[in-house]
Amino acid sequence: MLPIVELFQNRKLTIYLPEGYHESEERYAAVYLQDDGDLIDPKDSDVLQKIRELTAVNQLPGLLFVGIESFDRNNEYTPFVSANVFEPESGKQFGGNASVYADFLANELKPYIDSKYRTLQEREYTGIMGFSFGGLISVYTALRHPDVFGRVGSFSGSFWFPGIVDWIEQLTIRDTGQRLYMNLGHAEGSGRTNGQQWMVSNSKRIYQYLQQNGFQGDSIRQVIYESDFHSFERGVQYVPDAMQWLFNTK
């Protein structure tokens with residue numbers, strides 16, 4: 001089934017309907033994906049095929065995916081204004097506009113999708129996830145809107161970003177019923193001299209803090225795999241297992 005491509009507020013959406021959507025009246029969980037849905041894009045990996053195979057044998061419920069184009073990920077996916085570590089000599093900055101983008105997802109995009117497609121609208125059926133900066137903004141958005149996004153996936157989330165650890169540790173996190181999956185390579189950022197060197201230590205610190213504050217028990221999982229660099233190809237292969245853990249909760 002080919003994805004549906006449409007515009008919402010001049011932003012491209014790539015919508016993947018579950019198999020059998022048009023032949024049924026069933027409602028489905030919806031997963032909002034950063035970076036135009038690169039985590040499941042068939043041109044990048046076989047992840048979507050694996051997810052559909054799991055669904056076909058009842059090991060995963062049918063899922064509707066919404067890939068969201070970013071206008072400027074260095075602006076929209078970053079929680080705070082900070083020097084751009086990718087171009088240190090340029091004087092450019094990360095825009096720190098994540099709060100506006102997160103509120104757009106929760107208050108404008110989700111209601112639009114719910115009104116147009118047969119979704120299960122409760123938070124336990126609403127996912128958000130992404131890779132790298134996409135993982136960072138997904139966790140940030142879910143913690144900002146815990147009553148909206150109940151299933152959260154961060155794949156090599158950029159938790160080296162300045163200020164994010166302090167922001168999370170200042171939150172009052174209640175037990176909302178959210179589930180959070182995080183993964184990263186065991187030595188990501190090693191050898192870097194900029195903030196990226198804190199990738200692993202910051203990720204572990206955030207995991208440990210959340211594990212003790214609002215995500216007790218089996219509601220949070222961190223998977224650390226063998227990799228000494230930031231690898232989309234490696235991180236994305238964990239998406240099917242993450243989906244099973246996030247959505248097979250009964």
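Conventions we followed
- Residues numbered from 1 in each chain as written.
- Predicted model: local features only at pLDDT ≥ 70, side-chain atom pairs only at ≥ 80, totals over all residues.
- Heavy atoms only, no water.
- Helix = DSSP H or I, 4+ residues; strand = E, 2+ residues; numbered from the N terminus.
- Expected span 1.5 Å × (residues − 1).
- Bend = angle between axes of the 7 residues up to and from the residue.
- Buried < 20%, exposed > 50% of the residue type's maximum accessible area, 1.4 Å probe, protein only.
- Salt bridge = Lys/Arg side-chain N within 4 Å of Asp/Glu carboxyl O.
- Polar contact = N/O pair within 3.5 Å; in protein donor to acceptor, adjacent residues only side chain to side chain.
- Contact = heavy atoms within 4.5 Å.

Colleague: Residues and numbers for helix α3 (residues 98–116), please.
Modeller: Since there are 3.6 residues in each turn of an α-helix, residues three or four apart along the chain are aligned in direction. For α3, spanning 19 residues, the distance from its first C-alpha to its last is 26 Å, which sits close to the expected 27 Å at 1.5 Å a residue. Largest kink in α3: about 35°, centred on L105. Residues of α3 that are buried include every one of A98, Y101, A102, F104, L105, A106, L109, K110, Y112, I113 and D114, and no others.

Colleague: Which residues make up the pattern of salt bridges, and what values do they have?
Modeller: All told, the structure shown has 14 salt bridges when counted by the stated rule. Of the charged contacts in the structure, one is a salt bridge between E19 and R52, with a shortest N-O distance of 3.7 Å. Here R52 lies in helix α1 (residues 47–56) and E19 lies in the loop between β2 (11–16) and β3 (29–33), a separation of 33 residues in the sequence. Residue class for R52 comes out buried when judged on its relative accessible area of 19%. Ionic pairing is found between R174 and D147, a salt bridge with its closest N-O pair at 3.0 Å. One end of the pair, R174, is in the loop between α5 (164–169) and β9 (179–185); the other, D147, is in the loop between α4 (133–144) and β8 (151–155), and 27 residues separate them in sequence. By relative accessible area, D147 is classed as partly exposed at 46%. One salt-bridge network, in which partners are shared between bridges, spans R123, D147 and R174.

Colleague: So what's going on with the side chain of S45? Which residues, and what values?
Modeller: You can see S45 is positioned in the loop between β3 and α1. Here S45 falls in the buried class, since its relative accessible area comes to 14%. A polar atom in the side chain of S45 sits 3.3 Å from the backbone nitrogen of V47. Excluding residues that lie within four positions of it along the chain, S45 makes contacts with L39, V236 and Q237.

Read these as geometric descriptors, not functional statements.
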